[in-house]
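Letter by letter, the chains look like this.
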Amino acid sequence: MKDKNPDRKTAVEEKNAEKNSKARDPKQQQEPATPAGQAAPQELAVPAAPSGTRERRFRQTDLPARVIERRKHPRISMEQPLPPAPPCLDDYVSIIGQPELDEIRFLARRLRGKTVKMVNSTAVGGGVAEILNRLIPLMNELEVPTRWDVITGGNDFYEVTKGFHNALHGGEYNLTQQIKDIFMSYSEQTRQRMEFTEDLFIIHDPQPVGLVHSKSQERGKWIWRCHMDLSNAHQGVWDFLKPMIEQYDAAVFSAPAFACQLPIPQYLFYPSIDPLSEKNRELPEEYINKVCDDFGIDRSRPVITQISRFDRLKDPVGVIEAYKLVKKYVDCQLVLAGGGATDDPEGAVVLQEVIEAAGDDPDVIILNLPPWSALEINALQRASTVIVQKSLKEGFGLTVTEGLWKEKPVVAGAVGGIPMQIIHKLTGVLVHSVEGCAYQIRYLLTHPEFATQLGKNGKEHAKENFLITVNLKRWLVLFQILLGMAKPNATI
Ligand code: UDP
């Protein structure tokens, strides 16, 4: 295997790494000014560590044998545990307060008995599944009976929808008639298999968009919930999907900038996290230590973490390059934890690229986790010194929200919905390149007070805007609007 030890990198390799990172990151540009009024970085003009901060060069022999062994064989649970009972609304009172809960119940009262169907393309993995898992039990508790259906397809269907996903994020794509036929034929099969008897249909993202052909004139309102950034969508793919989308009664986007020209009403809903889910609830310190122990993470040294599907748009290789730059100055570990969403056929290939890029550095801990790892992910996020989400393209970026909620300093790509979550230098830091990412991570590792303040601000921002209770309220208001119970100009 090629020696990737940064200490031994030649000048040519350094140059190539920089060139590659620039080629991968189209928005490569000047980094923003440094936090807290510091001078702007020139190249990688990393700040000096305050006195007392440990900066040392990486030496493999520093690691205890037990940790090295655990990294080679992390304890990853291969058995799916029974899911815990979902929380009920009253459980949120300590987080959002009684008046907010009362408002939600009031909004739901008029909708009692109205039925809802949510459809998406995967039951596990990815942000949409994450939200639906929590939203649907709450709607049912409010006596708005809500059902979740997942569309299915063969590998050819998932290849097509993955291609659409990348193209709608602005990638190149060769849309052929055969591709259109594959998409439509699976769409038709699903349509025949499903029943459409509910009052409201919420169809998530482009994969199931064709189900709208089952819309009847007499009954049911159809909402297309788009979690993606369509501002730079591939024209051919958009032209193919648009006639279907135009048949919906409304579209919901995660940011004003994500929306497209459509002749139907459009609404803005931030996605959300559930503060009581296994992914986000408070955890005992002993459990966090146990998870770190299972994965060979040394809590006495800084931990930089990116949790993401192994997807090139999440730029895991760029994160490794940034870590390598930081590692020259600050002894730290990098955790890249992800897993496959069932609708993502590229995951295994990208994981292999990530393993290659990490080389033989034992301080890069790559974890391919099963979908039932919410508690472990929660513990990893809580054990982190800095959370990174160096995406090149992003929908909303729920992993950022999760990091903010856990009061962590988050360093993230200024793409998709991330700038709505990260107000630069106030609730986290935004980056545009590998070098910028490295700079900001190093700054945070060496300025812990600033990092702590960012974490505190980030949690407040997440609480105000991105909790599931806020999202639930918005859905209830939109249902009332579409069913003619409320005026469309109601503030939501
Ligand atoms: N996630 C997970 N396991 C993984 C990787 C990600 O449970 O191996 C979760 C992550 O914690 C977050 C969601 O999947 O809740 C990812 O949502 P995000 O919006 O960040 O990205 P997406 O995958 O939807 O593009």
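The structure this text deals with has already been given above.
Residues numbered from 1 in each chain as written. Predicted model: local features only at pLDDT ≥ 70, side-chain atom pairs only at ≥ 80, totals over all residues.

Here we take up the overall build of the protein chain. When you go through the protein chain residue by residue, the secondary structure sums to 17 helices and 12 strands. The proportion of buried residues among the 492 residues of the protein chain is 46%. (Helix = DSSP H or I, 4+ residues; strand = E, 2+ residues; numbered from the N terminus. Buried ≥ 20, exposed ≤ 12 C-beta atoms within 10 Å, placed from the backbone.)

Right, let's talk about the sheet that holds strand E3 (residues 200–204) for a bit. Here 6 strands make up an open sheet; going across it, the order is E2-E1-E3-E4-E5-E6 and the pairing parallel. Only two strands of the sheet have a single neighbouring strand rather than two, namely strand E2 (146–150) and strand E6 (266–268). Looking at each pair of strands side by side, their axes are set apart by 20° on average, direction ignored. (Pairing = 2+ DSSP bridges. Axes fitted to C-alpha atoms, helices over the stretch in contact; angles between N-to-C directions.)

Quick look at the nonpolar core now. By size, the foremost hydrophobic cluster in this structure holds 115 residues, and its most contacted members are Ile 203, Ala 322, Val 335, Val 388, Val 411, Ala 412 and Ile 441. When residues of this core are assigned to their parent elements, the largest contribution, 8 residues, is made by helix H15 (residues 434–446). Counting only domains with at least three residues in this core, you end up with domain 1 (6–15 + 46–75 + 280–465) and domain 2 (97–272 + 467–482). Those residues in contact with Ala 322, other than ones at most four positions away along the chain, are Lys 390, Val 434, Cys 437, Ala 438 and Ile 441. (Core = buried A, V, L, I, M, F, W, Y, C linked by C-beta atoms within 7 Å. Domains from an automatic or database assignment. Contact = placed C-beta atoms within 7 Å.)

So, on to the packing of helix H9 (residues 285–295) against helix H12 (residues 374–383). Contact pair H9 / H12: the axes reach a minimum separation of 9 Å and the direction vectors enclose 95°. Classified by the interaxial angle, the pair formed by H9 and H12 is roughly perpendicular. On H12, the residues touching Tyr 287, Ile 288, Val 291 and Cys 292 of H9 are Glu 376, Ala 379, Leu 380, Arg 382 and Ala 383. Class assignment of the residues belonging to the contact of H9 with H12 gives a composition of 7 nonpolar, no polar and 2 charged. (Parallel < 35°, antiparallel > 145°, perpendicular 65-115°, else oblique. Nonpolar A, V, L, I, M, F, W, Y, C, P; charged D, E, K, R; others polar.)

Our next topic: the site of the ligand. Near the ligand lie 17 residues; those nearest to it are Gly 126, Gly 127, Gly 339, Leu 398 and Thr 399. Mapped by element, the contributors of at least two residues to the shell around the ligand are helix H5 (127–141) and helix H13 (398–405). If one sorts the elements of the shell around the ligand by residue count, H13 sits on top with 3 residues. Grouping the amino acids of the shell around the ligand by side-chain chemistry returns 5 nonpolar, 8 polar and 4 charged. Shared between two domains, the shell around the ligand holds at least three residues of each, these being domain 1 (6–15 + 46–75 + 280–465) and domain 2 (97–272 + 467–482). (Near = placed C-beta within 6 Å.)

Both strand E1 (residues 116–120) and E2 contribute to a ladder of 5 bridges, which runs parallel. Opposite Val 116, over in E2, you have Thr 146 as the bridge partner. With H5 bridging E1 and its parallel neighbour E2, the resulting β-α-β unit is right-handed. (Right-handed = clockwise from strand over helix to strand, strands pointing away.)

Another point: the sheet that holds strand E9 (residues 364–368). If you walk across this open sheet you meet the 6 strands as E9-E8-E7-E10-E11-E12, and the pairing is parallel. The open sheet terminates on both sides in strands that have one partner only, identified here as E9 and strand E12 (429–431). Taking each pair of neighbouring strands and ignoring which way they run, the sheet shows an average axis angle of 20°. Packed on one face of the sheet, H13 meets strand E7 (303–307), strand E10 (386–389) and strand E11 (410–413) and runs near 165° to E11.

Before going further, it helps to spend a moment on H15. With 13 residues, H15 should reach 18 Å at 1.5 Å per residue; the first-to-last C-alpha distance of 18 Å fits that figure. Of all the 13 residues making up H15, 13 are buried; the element is thus mostly covered by neighbouring parts of the structure. (Expected span 1.5 Å × (residues − 1).)

A separate point is the environment of Val 335. Note on placement: Val 335 falls in strand E8 (residues 333–338). Take Val 335: there are 25 C-beta atoms within 10 Å of it, and that puts it in the buried class. Along the primary structure Val 335 and Val 364 are separated by 29 residues, whereas in three dimensions their C-alpha atoms are 6.0 Å apart. Contacts of Val 335, omitting those with residues within four sequence positions, involve Ile 297, Val 303, Thr 305, Ile 365, Leu 367 and Leu 380.

Moving on: the packing of helix H6 (residues 155–168) against helix H7 (residues 177–193). Relative to each other, H6 and H7 sit at 115°, their axes nearing to 9 Å. As for how H6 packs across H7, the hand of that crossing is left-handed. Every residue of H7 that contacts H6 at Asp 156, Phe 157 and Val 160 is listed here: Ile 179, Ile 182, Phe 183 and Tyr 186. Counted by class, the contact of H6 with H7 contains 6 nonpolar, no polar and 1 charged residues. (Left-handed = near helix turned anticlockwise from the far one by under 90°.)

A word on the environment of Arg 70. The residue Arg 70 is located in helix H2 (residues 65–72) in this model. You can call Arg 70 buried: it has 20 C-beta atoms within 10 Å. For Arg 70 and Asp 293, which are 223 residues apart along the polypeptide, the C-alpha to C-alpha distance reads 7.6 Å. Beyond its immediate stretch of four places on either side in the chain, Arg 70 contacts Asp 294, Phe 295 and Gly 296.

Next up on the list: the pairing of strand E5 (residues 250–253). In this structure, strand E4 (residues 221–225) lies alongside E5, joined through 3 bridges in parallel fashion. By the bridge assignment for E5, Arg 225 is matched with Val 252. Relative to E6, E5 runs parallel, the two sharing 3 bridges. Bridge pairing in E6 places Phe 253 opposite Leu 268.

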